Amino acid sequence: MKIILFSLVFFCCLNFGHAQSGELDPSFGNKGIVTTNMGSNFNYRSMGRQVLLLPDGSMYLVYEAVDLTVITKKKADGSPDLTFGINGLSVAVPLYSSHAALQKNGKIVVAGNTHNFGQGFYNTVGIGVAVFNADGRLDNSFGKDGITTTDLGHDELVYSVAIQDDGKIIVAGTSLDLDGGPSFILLVRYNTDGGLDKIQNTSLSVSYQYANAVAIQNDGKIILGGSALLRYDSTLDLDTGFNGNGHQTIDGNVNCIAIQSDGKIIVAGNSLNDIGDPKDFTLARYNTNGSLDISFGVDGKQATDFGGLTNETAISIAIQTNGKIILGGYTMDGTNINFAIARYDANGIPDSSFSVDGKLITDFGNTSNDYINNIVIQNDGKLIVLGYTGNGINTYVAAARYDVNGNADNSFDNDGVLTDHISQGSTIYTCTAIQANGKILSAGYSWNGSNYDFALVRYNTDGLLDSSFSGDGKLLTDFNSSDDRVGAIAIQTDGRILVAGSASDNFGLARYNTDGSLDLTFDHDGMQTSDFGSTDFANSIAIQRDGKILAGGTALARYNPNGSLDSSFDADGKLATAFDSNYPFNSNDMALQSDGKIVIVGLNYNTTFIVVRYNINGAKDSTFGNNGEQYFEDLTGSQLTGKIVIQNDGKIMIGGGNLYAYRDLILNSFELMRLNIDGTPDNTFNGGEILYTYVNNSSRATSLAVQSDNKIIIAGYSYNESSDDFTILRYNINGSLDSGFNNDGVVLTQPSAAYDKITSVAIAGNKLYAAGYGQYPGNYGVVARYLLGPGEIPGASTFISR
């Protein structure tokens, strides 16, 4: 009796360990997620934004690539510090035009722009701030997982960032009215935890208002420079002790600010107060009360001409310990734009002891354009500049270090100059399937060093790569030294694996044995290509009961089990799916009914989505819809991606993503519609109408699945105010969101700190597999596994008392 009682109590306790439906499965990979990269690294367009010096001579370099910001750490000699982050790189954050500053505690603050959505037809630009720990990880005590975003409903452009003594973060820039109204000088302050402290918009009597630079005085007052020079007190109100009204008019552009030890303010840019030629570097100094310091340069100003033919613009400023002033920017030599650096004495006179007549030009290549973004001075007086170089096609990080006299410092990357880039892999999963033994297949494409290849990966049930598959669990297939991309995957009853996609401009199919080797019985070499006379691709694949293979996309094709085209299908095995020459139709997905009939869904010129059913011989089925076709007019601006699943009762579920019109806004939504077997709308599902579900600004559905109990899962991605998240929704059979799935029917997951997108889902037992990709800033394949129903927490032990 005691044994029975113990067992009952124990199993009751186990009930408390039941995982909630929609939770990531912790027994799979790393807390439910696995990531894989394969192939070769791709060199991404990159630029250097900021140098942050550390006391030991090492430095953080802030890079931007593909609208993402990453931090790399370099040793004093310019070589990478591989102990930082992952192989010397931090995680990527979805910020661009970023600026950075170091906190006193060693954490790194990065502020930049992030895309926001939902303002009518506009993609607005908002503010994003991220804080990194010194090891390259995001600081989870700041904002949401290290990032905070601010959207004021306008275009908020970030141009500078600074840290107050109390750790609060100051971000400066401009706020543009989307309706054509006036712009504002923008000042935003954040608390140390990422919470918004205060926003200050300032309007002056100038047409375009902005702040390019921010600096903080020793007394905590804040200096902004851009279309004007302004000073604010600690409450972010204009300081009337500065020029009587808190601002000083500038005829030109202030791009950078530095504050001398005596409190005087040095500003630089071009065309300041109409001094010199508009093409020149221009420099000015102001007293602490906002008046121009006439003891500086010539009546408070100084101009430097590098002989360039276009605007010579000063971008960054630094002050040496002896008071000398360094400006960095760019000039044009008649053909190319080059780094330009000038040094001045403390009184604003060009310093002839620096390089040649106080001026220095650095060219990174005869065909390159080279821009400085940042200039800093080391403790030993050496000068480091950071920016980018490019030939119009590729852009690379460019850095240089000079000694105190302006000579190249050959101890920095051997010759004083360094070019760098973000070099990472590019692997994207587009589809996934689960074998009968529970192993997981994910396929897509990966960069091989010169083009993309079919990529296929197999994982064991615990998420580890399956070394019995192609030796290491991963394989690439190259059709003909062209771009090859997998769009769909299917598993035959004998376990062999079929993938379909594009090989150059043709349908491309490949079949593999269970060990990952190409099946040479399939078209002699395991690979098949079919030319339909245009740019062709396959995004769906299905296997008939007789083993014949259907592939759909820009057309519909059927193959015999050996890979040859099946001439009994529309005479030559190939069937065009364009029903209107003016508005061609391509299928987005395909499904087979239990009777062998073929149902495809697609989009006709972004206005109508179409469902078509064919008989087994390729003829349209006249018993379906209107002579085999069913058209559905969507809301304005339809962009239904179109995925299709046949329920176990024969009804047809269609899902996708669409621009959803709500009042005067155009919002992205997830969409579902269910059809009866004959193609008519199913009135038991949302009254026979399309069901629209708005998740977040900018949502996109990419995949669809139906559980054995006919609950519906639609998945894709949605915008979270800074990047895209994996997004999964589950509905009851009548179309209502299933509150038993993560309490509200919606699950959001962020495998990376940047953009994460589901491209495919599959169901096996009570598990949901979501495949897609994340960014770092290259792409890597991601598979996440979720629990779909009540059950014991995976990995929990069951004890039997005897």
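What counts, and where the lines are drawn
Throughout this document, residue positions are counted from 1 along each chain, in the order its sequence is written. Under the rules for a predicted model, residues below a pLDDT of 70 receive no local features and side-chain atom pairs below 80 are neither given nor counted, while totals for whole chains, interfaces and linings still include all residues. As a convention, hydrogens and water are excluded, and side-chain values are obtained from all of the structure's heavy atoms. In this text, buried Ala, Val, Leu, Ile, Met, Phe, Trp, Tyr and Cys residues form a nonpolar core when linked through side-chain atoms within 4.5 Å. Only protein chains enter the accessibility calculation, which uses a 1.4 Å probe; a residue is then buried when its area is under 20% of its type maximum, exposed when over 50%, and partly exposed in between. Numbering of helices and strands runs from the N terminus; a helix is a DSSP stretch of H or I covering at least four residues, while a strand is a stretch of E covering at least two. Between two residues, a contact is recorded if the distance between any of their heavy atoms is within 4.5 Å. Two strands form a pair only when DSSP identifies at least two bridges running between them. The convention used is that axes are lines fitted to C-alpha atoms, helices contributing only their stretch in contact, and that angles between N-to-C directions extend from 0 to 180 degrees. Two aromatic rings from Phe, Tyr or Trp, using only the six-membered ring of Trp, form a pair when their centres are within 6.5 Å; if the ring planes differ by under 30 degrees the pair is stacked, by over 60 it is edge-to-face, and anything between is tilted. In this scheme, the term charge over a ring applies when either NZ of a lysine or CZ of an arginine sits within 6 Å of the ring centre and within 35 degrees of the ring normal.

1. A word on the nonpolar core
Reasoning step 1: Val51, Met59, Leu61, Tyr63, Val70, Leu386 and Ile422 are the most contacted members of the largest nonpolar core, which has 21 residues in total.
Reasoning step 2: Of all the secondary structure elements, the ones that give two or more residues to this core are strand 4 (59-65), strand 5 (68-74), strand 27 (383-390) and strand 28 (395-402).
Reasoning step 3: With four residues, strand 4 is the largest single contributor of residues to this core.
Reasoning step 4: Leaving out residues up to four positions away in the same chain, leucine 61 has contacts with Gln50, Val51, Val70, Ile71, Thr72, Lys74 and Leu386.

2. As for the pairing of strand 26 (residues 369-377)
Reasoning step 1: Burial analysis of strand 26 places seven of its nine residues in the buried class, the great majority of the element.
Reasoning step 2: Hairpin connection between strand 26 and strand 27: a loop of five residues separates the two successive antiparallel strands, and glycine 381 in this loop has a positive phi of roughly 90°.

3. Quick notes on the sheet that holds strand 42 (residues 574-576)
Reasoning step 1: Sheet architecture is open: four strands sit in the order 39-40-41-42, paired in antiparallel fashion. Each of the sheet's edge strands pairs with one partner strand only, and the pair in question is strand 39 (538-543) and strand 42. Pairwise comparison of adjacent strand axes, ignoring direction, gives a mean angle of 15° for this sheet.

4. Re the sheet that holds strand 22 (residues 313-319)
Strand pairing within a sheet occurs via backbone hydrogen bonds; the two strands may be parallel or antiparallel.
Reasoning step 1: Overall, antiparallel pairing links the four strands, which are arranged 22-23-24-25 in an open sheet. Looking at strand neighbours, the two that pair on one side only are strand 22 and strand 25 (359-362), the edges of this open sheet. Across the sheet, the axes of successive neighbouring strands diverge by a mean angle of 20°, strand direction being ignored.
Reasoning step 2: Summarising the sheet, strand 24 (residues 337-344) and strand 25 pair through four bridges and their orientation is antiparallel. Bridging across to strand 25, alanine 340 finds its partner in isoleucine 361.

5. Notes on unusual backbone geometry
Reasoning step 1: The omega torsion across tyrosine 776 and proline 777 is -10°, close enough to zero to call that bond cis.
Reasoning step 2: Inspection of the secondary structure assignment puts proline 777 in the loop between strand 56 (767-775) and strand 57 (779-787).
Reasoning step 3: The phi dihedral of asparagine 87 falls on the positive side, at around 55°, and the residue is not glycine.
Reasoning step 4: In this fold, asparagine 87 is placed in the loop between strand 5 and strand 6 (96-102).
Reasoning step 5: Take asparagine 87: its relative accessible area is 62%, and that puts it in the exposed class.
Reasoning step 6: For aspartate 299, which is not glycine, the phi dihedral falls at a positive 60°.
Reasoning step 7: On the secondary structure map, aspartate 299 appears in the loop between strand 20 (281-286) and strand 21 (301-304).
Reasoning step 8: Accessibility expressed as a relative area gives 54% for aspartate 299, which makes it exposed.

6. Brief notes about the packing of aromatic side chains
Reasoning step 1: Inspection of the entire model under this criterion finds 13 aromatic pairs.
Reasoning step 2: Each ring, one from tyrosine 330 and one from tyrosine 371, has its centre 5.0 Å from the other, and the planes form 70°; the classification is edge-to-face. Here the residue tyrosine 330 occupies a position in strand 23 (residues 325-332), and tyrosine 371 occupies one in strand 26, the gap between them amounting to 41 residues.
Reasoning step 3: Taking 5.3 Å as the distance between ring centres and 90° as the angle between the ring planes, the aromatic pair formed by tyrosine 445 and tyrosine 452 counts as edge-to-face.
Reasoning step 4: Through a chain of ring-to-ring contacts, the aromatic side chains of Phe42, Tyr44, Tyr445, Trp447 and Tyr452 assemble into a single cluster.
Reasoning step 5: The positively charged end of arginine 485 is found above the aromatic ring belonging to tyrosine 445, 4.9 Å away from the centroid.
Reasoning step 6: Looking at lysine 757, its charged tip hangs above the ring of tyrosine 717, at a distance of 4.6 Å from the centre.

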